[in-house]
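So the chains spell out like this:
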Amino acid sequence: MQVTSDFQGRCREALNDPQIRRNFRFAMDGLMSKRRASLGDEDEREGLRARCAAIRANALARLPDLLEQLERNCTENGIRVHWAETVQEANRIVLDIVRGHHARRLIKGKSMVSEEMGLNHFLEGQGIECLESDLGEYIVQLAGETPSHIIAPAIHKNRQEVAELFRRKFPDIPFQEDPEALARSARRILREKFEQAEIGLSGVNFAVAETGTLCLVENEGNGRMCTTVPPVHIAVTGIEKVVERLGDIPPLLDLLVRSATGQHISTYFNMISSPRREGERDGPREVHLLLLDNGRSRIHRDAQLIDTLRCIRCGACMNHCPVYGRIGGHAYGSTIPGPIGSVVEPQKEGLARFGELPTASTLCGACAEVCPVRIPR
Amino acid sequence: MRAEVHLTSPSQWAERLLQLCREKGLGNLLYAADGPLAPAIDAVWENADAPPERIRHATTIEQWKPALFADTEAAVTSVRAGIADVSALVLWPTPQEPRSYSLVPPVHFAVLHAGQLYHSFAEVVEQEQWHTGMPSNALLISGPSKSADIEQTLAYGVHGPMQLIVLLLI
Ligand code: SF4
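The rules behind the values
Residues numbered from 1 in each chain as written. Chains lettered and ligands numbered in written order. Predicted model: local features only at pLDDT ≥ 70, side-chain atom pairs only at ≥ 80, totals over all residues. Axes fitted to C-alpha atoms, helices over the stretch in contact; angles between N-to-C directions. Helix = DSSP H or I, 4+ residues; strand = E, 2+ residues; numbered from the N terminus. Parallel < 35°, antiparallel > 145°, perpendicular 65-115°, else oblique. Left-handed = near helix turned anticlockwise from the far one by under 90°. Contact = placed C-beta atoms within 7 Å. Nonpolar A, V, L, I, M, F, W, Y, C, P; charged D, E, K, R; others polar. Near = placed C-beta within 6 Å. Pairing = 2+ DSSP bridges. Expected span 1.5 Å × (residues − 1). Buried ≥ 20, exposed ≤ 12 C-beta atoms within 10 Å, placed from the backbone. Arc of directions from axis to C-beta. Core = buried A, V, L, I, M, F, W, Y, C linked by C-beta atoms within 7 Å. Domains from an automatic or database assignment.

Going by an unreviewed UniProt entry, chain A carries the name Iron-sulfur cluster-binding protein and comes from Candidatus Sedimenticola endophacoides.

Written as structure tokens, this is what we have:
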């Protein structure tokens, strides 16, 4: 195969940008030390990792069954389930729902699958406003960029750069560099948008087959806003996110949050099992669950690659990767960067585009050491 | 997690709530007129001198969304359980106490009885047999809304409540 030099070019560019390197180093060091502090007890940590790896491996071993059960239980609860083989199909399904409601304004919580779909771009091309509401995603959208990290999308920017961006986009707001002041500006701008949005869209962290429950982990409350206030909620996720039982959720949540940010627990854990029920006074009247394949079934059939589908998107492998920490997320050019992206993206998007990504490794094994679900072992 | 916790008693919490509303200079308070907290709140408010205005709505959110977003300064809700090991509250919003009460107003007061404390999330799910029937929305809440999206620096009050105040009844 002819090796393209795009990736090498982007790496060189990132390595020559001292600001990018400083921003990533600072952020990665912080995230690593927070995780270490939170998972310091080795016996406890390894016990939890073994348990979570087993939960995810079990779910993948029974994937077709569990997906059927999930569909059955969601449907019984009043959630409408849609299947998409490709991102084109997925975008079309979202568009049909939006059009069915004659909606023009959609507000989004964080969703890596919607990034995979290129949903914002697609909907905007159809004249539909598609606004990010997670602070990091909002910053990235304002800047016309893509996320550089799956947990902290705007991690490549420092506060001065964010402040500069706000000054450019909102000349009426007094210039400020304090992160909390910037966050409050975003709050004021987006509150009105939550109130007026006709559709809320979110990702899903875990989908529970046993009860037909969609689980979302977040700190800001924008995910809750998107799934509570607009009359219609669309949840988009990959088919691999299903788990068997509700009892699987507490250990997964625990290890996900501690691996990702070192918190004991996220500010919010939002479990959605149905649209607004008879007599309830709020919540969406319609909830849709869109399950995207986009190559996942193929990965699932491959004995060597199936384990990569265990991923719970905590970001720890990125935070600990000596390559990611130096080149940053954008250099990869893929939706998911870092070690897990390097393995999954060539499978999903093809070797022609991402065949080089697996070379972004020093073979140090740091990613395997920290992965909460023990990928690749 | 930066939640405020105030210890009080089952007979005095509503007075404490009023006092906290005053200390924080809150002009109004949203609560469920037909919910479990109403009798105690009404009793205290009716005997108080110029208390914050009580906001009650027995209608769907669609009837008063603009006021909920623009004019509501605080809300108080009951709580289904508390989780000790990670300091989180469990809410199962009800028709009387809808989910937006703990989300949209800038201040959220949560009333938790010490008897409703569990050790862990796993224990609540297991002992209460959640798998036998989930509500439309179940929530764990551990603090005020926050983000570390800018330079990994914690900023509070991004989209959800800027303050979470727990009244722990013992
Ligand atoms: S591969 Fe493992 S460490 Fe990396 S994001 Fe997924 S779960 Fe986290």
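A. Region of the structure containing the packing of helix 1 (residues 13-23) of chain B against helix 2 (residues 38-46) of chain B. All names here are of chain B. At their nearest, the axes of helix 1 and helix 2 sit 9 Å apart, and the two run at 60° to each other. Viewed along their axes, helix 1 and helix 2 adopt a mutual orientation that is oblique. The interaxial crossing formed by helix 1 with helix 2 has right-handed handedness. When helix 1 is examined against helix 2, the residues Trp13, Ala14, Glu15 and Leu18 are found in contact with a partner set consisting of Ala40, Ile41, Ala43, Val44 and Trp45. When its residues are assigned to classes, the contact of helix 1 with helix 2 shows 8 nonpolar, no polar and 1 charged.

B. Representation of the site of the ligand. By nearness alone, 13 residues border the ligand, and Cys311, Cys314, Cys317, Ile340 and Cys371 of chain A come closest of all. Within the shell around the ligand, the residues separate by chemical class into 11 nonpolar, 1 polar and 1 charged.

C. Region of the structure containing the interface of chain A and chain B. Facing 55 residues of chain A, the contacting portion of chain B comprises 44 residues. Put simply, the parts of the chain that give the side of chain A that touches chain B at least two residues each are helix 2 (18-38), helix 8 (135-142), helix 9 (159-169), helix 10 (179-196), helix 11 (222-228), helix 12 (249-260) and strand 9 (268-272) of chain A. When its residues are assigned to classes, the side of chain A that touches chain B shows 22 nonpolar, 18 polar and 15 charged. As paired strands, strand 9 of chain A and strand 9 (residues 137-141) of chain B are joined by 5 bridges and run antiparallel to one another. Across the sheet, the residue bridging to Phe269 of chain A is Leu140 of chain B, located in strand 9 of chain B.

D. Quick peek at helix 3 (residues 42-61) of chain A. Residues and elements named next belong to chain A. With 20 residues, helix 3 should cover 28 Å at 1.5 Å per step; its first-to-last C-alpha distance of 28 Å lies within 8% of that length. The complete set of buried residues in helix 3 reads Cys52, Ile55, Arg56 and Ala59. The arc that holds every buried residue of helix 3, seen down its axis, measures 90°, which confines them to one face. In helix 3, those exposed residues whose orientation departs by more than 90 degrees from the buried face are Glu42, Asp43, Glu46, Gly47, Ala50 and Ala61. Where helix 3 is buried, its residues contact helix 4 (63-77), strand 8 (242-243) and helix 12.

E. The nonpolar core, seen in detail. Leu252 and Leu290 of chain A together with Leu89 and Leu140 of chain B are the most contacted members of the largest nonpolar core, which has 158 residues in total. With 7 residues, helix 12 of chain A is the largest single contributor of residues to this core. Both domains that meet at this core, namely domain 1 (6-51 + 303-370) and domain 2 (64-297) of chain A, each give it at least three residues. Apart from the residues lying within four places of it in its own chain, the contact partners of Leu140 of chain B are Ile265, Tyr268 and Phe269 of chain A together with Ala88, Leu89, Val90 and Phe121 of chain B.

F. Examining unusual backbone geometry more closely. Residue Pro376 of chain A is reached from Ile375 of chain A by a cis peptide bond, and omega for that bond is 10°. The backbone phi angle of Leu363 of chain A is positive, close to 65°, even though this residue is not glycine. By the element assignment, Leu363 of chain A lies in the loop between helix 17 (351-354) and helix 18 (366-370). Overall, Leu363 of chain A belongs to the exposed group, with 4 C-beta atoms counted inside 10 Å. Residue Gln152 of chain B is not a glycine yet carries a positive backbone phi of 55°. Relative to the assigned elements, Gln152 of chain B resides in the loop between strand 10 (146-147) and strand 11 (155-156). Residue classification places Gln152 of chain B among the partly exposed residues on the basis of 17 C-beta atoms within 10 Å.

G. Inspection of helix 1 of chain B at higher detail. Residue and element names in this part refer to chain B. Every buried residue belonging to helix 1 is among Trp13, Ala14, Leu17 and Cys21, and all of these are buried. In an axial view of helix 1, the angular spread of the buried residues amounts to 100°, which keeps them on one side of the axis. Tucked into the core, helix 1 has its buried residues touching strand 1 (4-8), strand 2 (28-30), helix 2, strand 4 (74-78), strand 7 (107-113) and strand 12 (163-169).

H. Examining the packing of helix 9 of chain A against helix 10 of chain A more closely. Residues and elements named next belong to chain A. Running from N to C, helix 9 and helix 10 cross one another at 35°; their axes reach a closest spacing of 10 Å. When you trace helix 9 past helix 10, the crossing you get is left-handed. Residues Arg159, Val162, Ala163 and Phe166 of helix 9 form the contact with helix 10, whose participating residues are Pro179, Leu182 and Ser185. Grouping the amino acids of the contact of helix 9 with helix 10 by side-chain chemistry returns 5 nonpolar, 1 polar and 1 charged.

I. Representation of the sheet that holds strand 9 of chain A in the model. Strands sit in the order 8(A)-5(A)-6(A)-9(A)-9(B)-6(B)-5(B)-8(B) across an open sheet of 8 strands; the sheet is mixed. The open sheet has two edge strands with one neighbour each: strand 8 of chain A together with strand 8 (117-118) of chain B. Sheet analysis places strand 5 (residues 206-208) of chain A next to strand 8 of chain A, joined by 2 bridges and oriented parallel. Looking at the pairing, Val208 of chain A lines up with Val243 of chain A of strand 8 of chain A. Contacts from helix 12 of chain A reach strand 5, strand 6 (213-218), strand 8 and strand 9 of chain A, with the element oriented near 25° to strand 6 of chain A.

J. Inspection of the domain arrangement of chain A at higher detail. Residue and element names in this part refer to chain A. In terms of domains, chain A is made up of domain 1 (6-51 + 303-370) and domain 2 (64-297). The centre of domain 1, based on its C-alpha atoms, is set 22 Å off from the matching centre of domain 2. Counting residues at the interface gives 28 residues for domain 1 and 27 residues for domain 2. Counted by class, the side of domain 1 that touches domain 2 contains 14 nonpolar, 8 polar and 6 charged residues.

K. The environment of Arg99 of chain B, seen in detail. Checked against the element boundaries, Arg99 of chain B lands in the loop between strand 6 (88-91) and strand 7. Here Arg99 of chain B falls in the buried class, since 29 other C-beta atoms lie within 10 Å of it. Among residues more than four places away in sequence, those in contact with Arg99 of chain B are Thr228, Asp282 and Gly283 of chain A together with Pro93 and Asn137 of chain B.

L. Quick peek at the pairing of strand 4 (residues 199-202) of chain A. Residue and element names in this part refer to chain A. Burial along strand 4 is two-sided: Ile199 and Leu201 facing one way and Gly200 and Ser202 facing the other are all buried. Judged from the 3 bridges that link them, strand 2 (residues 105-108) and strand 4 form a sheet pairing that is parallel. Considered in strand 4, the bridge of Lys108 is made with Leu201. Here strand 4 runs beside strand 7 (residues 232-238); their pairing, made up of 4 bridges, is parallel. Within strand 7, the residue paired with Leu201 across the bridge is Ile234.

M. Representation of the sheet that holds strand 1 (residues 80-84) of chain A in the model. Residues and elements named next belong to chain A. Spatial strand order, 1-10-7-4-2-3: 6 strands in an open sheet with parallel pairing. Across the chains shown, the open sheet's two edge strands, defined by having one partner strand only, are strand 1 and strand 3 (129-132). This sheet shows a mean twist of 20° between the axes of neighbouring strands, independent of strand direction.

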